[in-house]
Structures are given as structure tokens and as C-alpha cells.
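Structural overview for review
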Amino acid sequence: MKIFHSANASLAQGAIDNVNETGVRGWCATSSCVCISVNGSEFFNAFCWRERPDVQTSLGIDTTVGFNAPLRLLPGDIVEVTSGGQPLPGSPQRVGANAWLAAPSNHHTAFAPLASLLERTGASHFKPFFKRNAELTAVAVRGDDFPDTLVKLAATPAHIQDVSAFYEQVITPLGLPAPELLPPSSTWGLEPCLSYEYIDGVSVSGAVLLSESVRRQVIDVLGQLHSHSIPTLRRVNQQQAYLVDLQRLVLRQALLTYDVRHVLFMLKLRRCVKHLPCVLSHGDLHAGNVIVTEKSDTVCVSEKHGSAKVRKHAVLIDWDRWGMLPIGYDEACFLRGLPFAQALSYLPHHVDLRLGFAVFSYWLGLVEHVKFRFTERAKEIARYVEGSL
């Protein structure tokens, strides 16, 4: 699930939770029905009649929003879910998204842009990844002569320079859990692009679906990142986080309510953000950018026997929008969807961090649902902010 959907106003409100060979599952708060298309052809209409307590609590609504469409789908099928003609966040998705496709599968129209890359790499299998507008954004390739590699497509020289500098000066020195950035010499003579070690794991649509330990791991990583300072580190490409769009959106939304008290509260929050310290930040840390892997540790029980213990490990991906951002922004984006008090409990007792988290949580709630400000959750956050100022 993206940080907030209105950075692209053409997205409907909701998310796809799962797509597999037996059907499609997710939620939509924009309308009571969604349209499911398969490989570009309209296929099925599903009604949002299922209870989704996690979403309904987060949005402060009583209406049902969940849908579950039982369908017969094939591995490699491209599934798009729309509401009122607008794509649902998480759409499109590929059936068997976690499965590798054999290279000959690239005859599928959606995979046509990959033909040259697959030929040059000599890959035997691949996994495509899509943007929300159905454009291919990256592909993982697998072959006998090289390790599994993720190639980001259409990277500009400035973008490559930004990410390379961040890896060199921040991720590598701090040992942050991120995929290894591979040198250009390992990209088979392709046009300038970003290539990474491919991390085999699972991502989810919201922090509510992550385990307690993984949430705490991510917050610890953010603490390391925020406390690191390199005065000479500057972005070349000015593409920043969604923060600027977020601030414009909530202010515009407030003005359209014609509610003077609400507008004044938004202006107070903007002034508050201006006084928050700026720290090194991920800039795009929704739960989908946290890959959960499993590691086996051997725990010694006696001199002769041992037992295997499996622990979850979080790897943060998509560092493209790193930058100096107000403290609390990353945490609010990551923990979005959890009850406010529970989310707050994951944070250190740092006044500015918690205040920033509360402000951005309020703003993200507003863009999630137009009536958020009337919910108990919004009132709880507003009371916390007022008490902290």
C-alpha cells in the first residue's frame, strides 16, 4: 500500500491484499463494488460486503469494505482492480507474483519490454514488478551464471548518482538492512540502470499485517538512520518524498470544507512541522517496502543437541526518495493503519519524534478518508498534538 493515494489523484481508495490462482481479495472504501480485469479484459464484478475491522477502525467508518472474488486464474495473468474506472492501489498485480516465470513467458504483451533484457542477461526465469499505472518498473532475473538480481528500469543518471551516494555514505557504513547495490559492471552492458541483490521474502499491504518483532526492527532501523548526519550529502535529483504533495493536499482539502476551525488547525500543524528537526529519512516507507525474510539460528540446548530457531528479519527496499525530512514522517507512513496509541508505543520517548508522528498520522488519515477528522481516532490524535504544543 502506498504512503498516500492522492499523490496520484487517479487512484481509488483501497488496496489489493492478495491475488492468486483461486481469486482476488482486498478492500475498497470508494464504492460498494469493484471491477476486476484480467489481461486487459473486463472479467468480474465483486461487491464489498465483507467486514474488515482493521480498515474500518483505521478509517473510522462502519460500512463494509472487503471483497473476496473467487476466480480461476493462471500464473502470469495480469489482474487489475478498479473502482468507478479508477485503479485500486496495489493494482495491477501478477498471479503468482512471488513465483518465477520461465523466460519464454515473455511472449505475454505486458512483458514485451523485457525481451531485450532477458536475452542479454541469458536469464532462465524472471519476476516483473509494476507501478500503480501498470507500467513495468523493475524485473528480477535468475540464471545459472549469476546470482538473483533485481534491475530497476529507466533509471536516470541523476537518480543513479543519488542512490549510489546514499549507499556509499549511509547504508553501507551503518550496515542498514537493505539489498546490496551491485556495480554497473555486473549489469550485462545494459543502459545505465540500478541493479540490486534480489531479496527473496514477503511484503504486505499494511503494518497491521506485520509481526510485533518486525515492526520494532523497522523502528530501530529508522532510529539509526535519523541519528546519522552527513552535512555534505546532497541529492542531485530533486525528486523528493511525497511530503510536499501531502501538505498541499491537506490544506486544499481543509479550505474546501469551509470550516474555519479546521483550516486554522491545519495551519497550526504546518507551523509545527516547520519547527521540527529534519533528519535523514527513507522517504517512502510504506509496509510494502519492507521485505520480511526468515533466518535460522542454532540455539545450543546441551553439548550434544541443538534446536533450530527461525526468526523474522526485515529488509528495507526502495531508498530512491531518501532525504532530509521532518522527524516522525517515516514512522507515520510505516505505522499507518494501526491504532494511534498502539503505534505510539513503538516509538522512543522523544518529544519531537512523537509530535511529528502525530501530525503526519493526522494528515495521512485526512487523505485516506474525507471524513477522518470526525472520527474518534482523529480526535485522539488532535488532543495529543494540542497537549504537546
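What comes next is a walk through the structure.

What counts and what doesn't
Residues numbered from 1 in each chain as written. Predicted model: local features only at pLDDT ≥ 70, side-chain atom pairs only at ≥ 80, totals over all residues. Heavy atoms only, no water. Helix = DSSP H or I, 4+ residues; strand = E, 2+ residues; numbered from the N terminus. Buried < 20%, exposed > 50% of the residue type's maximum accessible area, 1.4 Å probe, protein only. Contact = heavy atoms within 4.5 Å. Phe/Tyr/Trp six-rings, centres within 6.5 Å; stacked < 30°, edge-to-face > 60°. Pairing = 2+ DSSP bridges. Axes fitted to C-alpha atoms, helices over the stretch in contact; angles between N-to-C directions. Parallel < 35°, antiparallel > 145°, perpendicular 65-115°, else oblique. Left-handed = near helix turned anticlockwise from the far one by under 90°. Salt bridge = Lys/Arg side-chain N within 4 Å of Asp/Glu carboxyl O. Expected span 1.5 Å × (residues − 1). Arc of directions from axis to C-beta.

**Thoughts on the overall build of the protein chain**
Within the protein chain, the secondary structure is distributed over 10 helices and 17 strands. Across the 389 residues in the protein chain, those meeting the buried criterion constitute 51%. For the protein chain, contacts bridging at least 24 residues in sequence account for 66% of all contacts bridging at least 6.

**Description of the packing of aromatic side chains**
Enumeration over the complete set of coordinates arrives at 10 aromatic pairs. Taking 5.3 Å as the distance between ring centres and 90° as the angle between the ring planes, the aromatic pair formed by Tyr329 and Phe360 counts as edge-to-face. Linking Tyr329 in helix α7 (residues 329–335) with Phe360 in helix α9 (residues 351–368), this pair joins segments that are 31 residues apart in sequence. Its relative accessible area of 0% is what places Tyr329 among the buried residues. Residue Phe360 is classed as buried on the basis of its relative accessible area, which comes to 0%. Ring centres of Phe340 and Tyr384 lie 5.6 Å apart, and the angle between their planes is 70°; this geometry places the pair in the edge-to-face category.

**Overview of the sheet that holds strand β5 (residues 66–70)**
Spatial strand order, β1-β2-β5: three strands in an open sheet with antiparallel pairing. In the strand order of this sheet, the two ends are held by β1 (14–20) and β5, each with one partner. When strand polarity is set aside, the average angle formed by the axes of neighbouring strands in this sheet is 10°. Here β1 runs beside strand β2 (residues 23–28); their pairing, made up of six bridges, is antiparallel. Directly across from Gly14, in β2, lies its bridge partner Cys28.

**What about the packing of helix α6 (residues 260–274) against α9?**
Two elements in contact, α6 and α9, have axes whose closest approach is 10 Å; the angle formed by their N-to-C orientations is 140°. Taken as axis vectors, α6 and α9 run oblique relative to one another. The two elements α6 and α9 meet at a crossing, and its hand is left-handed. Residues His262, Phe265, Met266, Leu269, Arg270, Cys272 and Val273 of α6 touch α9, and the partners they reach there are Leu355, Val359, Phe360, Tyr362, Trp363 and Leu366.

**Thoughts on the pattern of salt bridges**
Applying the stated rule across the entire model yields 11 salt bridges. A salt bridge links Arg216 to Glu212, with the nearest nitrogen and oxygen atoms 3.1 Å apart. Pair noted here: Arg216 and Glu212 are both in helix α4 (residues 212–226), with a separation of four residues, about one helical turn. Exposure remark for Glu212: the relative accessible area of 41% places this residue in the partly exposed category. Connected through salt bridges with shared partners, the residues Lys152, Asp318 and Asp320 form a single ionic network.

**Brief notes about helix α10 (residues 376–388)**
Side chains of residues three or four places apart in an α-helix project in the same direction, reflecting 3.6 residues per turn. The end-to-end C-alpha distance of α10, which contains 13 residues, comes to 18 Å, matching closely the 18 Å that a straight helix rising 1.5 Å per residue would cover. Of the residues making up α10, those classed as buried are Arg377, Ala378, Ile381, Ala382 and Val385. Each buried residue of α10 lies within a common arc of 130° when the element is viewed along its axis, so the set occupies one face. Away from its buried face by more than 90 degrees, α10 exposes Glu376, Arg383 and Gly387.

**Topic: the sheet that holds strand β9 (residues 101–102)**
One open sheet holds the five strands; their spatial order is β9-β10-β11-β12-β13, and the pairing between them is antiparallel. Strands with a single pairing partner mark the edges of an open sheet, and in this sheet they are β9 and β13 (194–197). Note that strand β12 (residues 146–152) and β13 share four bridges and pair antiparallel. The partner of Leu150 across the bridge, within β13, is Tyr196.

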